Structures are given as structure tokens and as C-alpha cells.
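Descriptive structure summary
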Amino acid sequence: MSRGTDLILTALAPAIWGSTYFVTTEFLPDGYPVTIAMLRALPAGLLLLLVVRQLPTREWWGKVMLLGAINFSIFWALLFVAAYRLPGGVAATVGAVQPLIVIFLSSALLGSPIRVLSVIAGAIGMAGVALLVLTPDASLDVVGIAAGIGGAVSMAAGTVLSRKWKPPVSLLAFTAWQLSAGGLLLLPLSLWLEPPLPAVSAENALGIAYLGLIGAALTYVLWFRGISRMEPSAISTLGFLSPVTALLLGWWALDQHLNHLQFLGFVTVLAGIWISQLAVREPRLAAPA
């Protein structure tokens, strides 16, 4: 397939992730973030395991558990902490530092060059996200900021290590292993931190099924496929599409209004993504030691 096709398929993942806020607020009970995260990961992972019928070999168990933890358990848990303790705009802006972290982790772990345009693209995209979602009266919280940065580091590490560790199995199997591991790690945390879910309505079941089958199983197959075919620094900026989708859904479905700065943010985010794709053909800024 062409690079353009790979880019479009990979971009579908963060675009779909942007619908998570809408589905969570409109279809799911409030106050169960860890339980919902577990239900998003574990059933989808087990379903994919039934399809592929393949478990990790002994030498892959440790790597799979680590990838499941940083891609799902730790990342989602810190994401919810940041979301609860920070205004949405601040949380999204802090999380947007992730592409810059990917650039330097890729250099350290994969030997990838640090490119000037990649750094510029990450900074431009972060500025675009700030224009999209940040409000003048946004308040800061130390724990929330730390959780947001920790979540960005976790996702960045998961992106880079998923490229570094590629088992000789299909993408479906690799995704199934990680989702199952992440869900299993979240299970005791959900039982410890949160009360049992109330009676699940048909609307709740539909929301959980969407988050698991579409928002986890399908999207992470596409995401890991992109990681295996493209440089992490080139695909990490695609994560900027999540707040774009979330804002467009709010405008379309929830009758939220968009101002001129947010329209400028759209353009800035797209510019950052475009520049990051050009960056893979730009000379390196510094070679790894």
C-alpha cells in the first residue's frame, strides 16, 4: 500500500478516539472511569483472542504485560485523573506534548534521527490544540498536570516500544495480547476504586460495545499497523486529530459553538500534521549517541 493509504488508515484511529468523550457522556453512567476503561479493553482483547487463537510465547509475556500496562492501564488511568482534576482544555493541551516525547524516545530507543521539522511540527500541533480547547479562565492543578504529563509519557513509550518490539504474529494477535493484558491489569483496580456498576441499560451496553469494538479493537489494530509501517514521530502527531474530532462532534451533536480562535486551531493542527509528514525527508538535527 502507498504511504498515503497507510497515513489515512492510521489517522482513523485518533479520529475515532475523539468520539470517546461524546459516547462516555451521552451513553455511559457517570463516575466509573476505571471500570469503563477495563470494559473497553478486556472484552475486546478476549474477543480478538478467540479469533486469533494464539497466546504469547514465554519470552513475550513480560513485554506484552508492559505494553498492555503503558498503552492502556497506566495511560487510561492517568488520563482520567487529568480529566477529573483539570479543565478539559488544559488536560488536552498537556497531553498534546506526547509527539515531542516520542521524538526523543525514538532517538534513545530506536536510534531515529531528531529532525528539526519534527520538533517544529510537534510544537505547532500543541499550539493548535491549545487554540482549539484552552480557555482564558482555565485553572491549573499540580496533580492533574503531573497526571497529564505522565499519560503523555506512557502513550509515547507505548508507541515507541510497539515499534521496537514486533513479535512474529499478526497485528490482530499483537493487539489482542495488549488489550487483554491492559484489561486484566485494570480489573483489580476497578474493583478496588469503584463501586459495582448499576444495572446496565441498552444505551449503556451500546456505548460500551462501541468503545470496545470500534474505539479499542479496530482502532488499535489500525494504530499498531501504522506504527509497524511508519516512523513513530510521523504518526504521533496524528493524535492531534482526537481533540479536533471531539470538538466537531460537540458542535454537530451537542450544539456547541465554535469561535474564530478554534477555527484557527483547526488550521494549525492540520499544519502541524502536514509538517510532521514532511519531516521524515528532512536532514537530522542530531544523531543519537
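Residues numbered from 1 in each chain as written. Predicted model: local features only at pLDDT ≥ 70, side-chain atom pairs only at ≥ 80, totals over all residues. Heavy atoms only, no water.

Of regular secondary structure, the protein chain possesses 13 helices and two strands. Here the C-alpha atoms of the protein chain give a radius of gyration of 18 Å, agreeing with the 19 Å that 2.2 N^0.38 yields for 289 residues. In terms of its C-alpha atoms, the protein chain occupies a principal-axis envelope of roughly 55 × 50 × 35 Å. Taking all 289 residues of the protein chain together, 51% fall into the buried category. In the protein chain, the proportion of contacts linking residues at least 24 apart, taken out of those at least 6 apart, comes to 91%. As displayed, the protein chain offers around 13,500 Å² of accessible surface, 71% of which is attributable to carbon and sulfur atoms. Within the protein chain, the 11 negative side-chain charges are centred at a point lying 19 Å from the centre of the 14 positive side-chain charges. (Helix = DSSP H or I, 4+ residues; strand = E, 2+ residues; numbered from the N terminus. Rg over C-alpha atoms; globule rule 2.2 N^0.38 Å. Buried < 20%, exposed > 50% of the residue type's maximum accessible area, 1.4 Å probe, protein only. Contact = heavy atoms within 4.5 Å. Areas by Shrake-Rupley, 256 points an atom, 1.4 Å probe, with all protein chains shown as cover. Lys, Arg positive; Asp, Glu negative; His and termini not counted. Charge placed at Lys NZ, Arg CZ, Asp CG, Glu CD.)

Moving on, we come to the packing of helix H3 (residues 33-52) against helix H9 (residues 171-193). At their nearest, the axes of H3 and H9 sit 7 Å apart, and the two run at 145 degrees to each other. The way H3 lies across H9 gives a crossing that is left-handed. Tallied by class, the residues present in the contact of H3 with H9 amount to 20 nonpolar, six polar and no charged. (Axes fitted to C-alpha atoms, helices over the stretch in contact; angles between N-to-C directions. Left-handed = near helix turned anticlockwise from the far one by under 90°. Nonpolar A, V, L, I, M, F, W, Y, C, P; charged D, E, K, R; others polar.)

In this section: the packing of aromatic side chains. This structure, assessed with the given rule, holds eight aromatic pairs. Ring geometry for Tyr-220 versus Phe-224: centroids 5.7 Å apart, planes at 45 degrees, classification tilted. Taken together, the residues Tyr-220 and Phe-224, both in helix H10 (residues 202-229) and four residues apart, mark about one turn of the helix. The burial state of Tyr-220 is the same as that of Phe-224; both residues are buried. Looking at Lys-63, its charged tip hangs above the ring of Trp-60, at a distance of 4.8 Å from the centre. (Phe/Tyr/Trp six-rings, centres within 6.5 Å; stacked < 30°, edge-to-face > 60°. Lys NZ or Arg CZ within 6 Å of the ring centre and 35° of its normal.)

Here we take up the nonpolar core. Grouped together as the largest cluster of nonpolar side chains are 51 residues, with contacts concentrated most on Trp-76, Leu-132, Leu-179, Tyr-220, Trp-223 and Val-269. Per-element tally for this core: the top contributor is H3, with nine residues. The contacts of Val-269, once residues within four sequence positions are left out, are Gly-125, Gly-128, Val-129, Leu-132, Phe-240 and Val-244. Residues Ile-101, Ile-103, Ile-114 and Val-160 belong to the second largest nonpolar core, which totals nine residues. (Core = buried A, V, L, I, M, F, W, Y, C linked by side-chain atoms within 4.5 Å.)

Our focus in this paragraph is the environment of Ser-118. Structurally, Ser-118 can be placed in helix H7 (residues 116-133). Sequence separation between Ser-118 and Ile-275 is 157 residues, and the spatial gap between their C-alpha atoms is 7.3 Å. Not counting the four nearest positions on each side in its chain, Ser-118 is found in contact with Ile-103, Ser-233 and Ala-279.

Let us look at the side chain of Ser-154. Within the fold, Ser-154 resides in helix H8 (residues 142-164). A polar atom in the side chain of Ser-154 sits 2.5 Å from the backbone oxygen of Ile-70. (Polar contact = N/O pair within 3.5 Å; in protein donor to acceptor, adjacent residues only side chain to side chain.)

On the surface, Leu-47, Leu-50, Leu-213, Ile-214 and Leu-218 cluster together to form a nonpolar patch covering roughly 430 Å² of accessible area. Contributions of two or more residues to the nonpolar patch are made by H3 and H10. Here the element with the most residues in the nonpolar patch is H10; it accounts for three residues. With respect to the element layout, Leu-213 can be found in helix H10. (Patch = residues over 30% accessible without salt bridge, like charges linked within 9 Å, V, L, I, M, F, W, Y side chains within 5 Å. Salt bridge = Lys/Arg side-chain N within 4 Å of Asp/Glu carboxyl O.)

So, about the pattern of salt bridges. Inspection of every chain in the model, using the stated rule, returns three salt bridges. The partner of Arg-225 in a salt bridge is Asp-6, with the nearest N and O atoms 2.9 Å apart. Here Asp-6 lies in helix H1 (residues 3-17) and Arg-225 lies in helix H10, a separation of 219 residues in the sequence. Given a relative accessible area of 6%, Asp-6 falls into the buried group. Taking the shortest distance from any N to any O, the salt bridge between Arg-229 and Asp-6 comes out at 3.6 Å.

Glancing now at the confidence of the model for the protein chain. Of all residues in the protein chain, 92% have pLDDT values of 70 or greater, and the mean over the chain is 86. Ranking the elements of the protein chain by mean pLDDT puts strand E2 (residues 284-286) last with 44 and H9 first with 94. Counted against residues more than four places away or in other chains, residues 283-289, with its pLDDT under 50, gives 12 contacts. (pLDDT = per-residue confidence, 0-100.)

Moving on, we get to unusual backbone geometry. Positioned with a positive phi, Arg-53 is a non-glycine residue whose angle comes to about 50 degrees. Looking at the secondary structure, you find Arg-53 in the loop between H3 and helix H4 (61-85). Among the residues examined, Arg-53 registers a relative accessible area of 73% and is labelled exposed.

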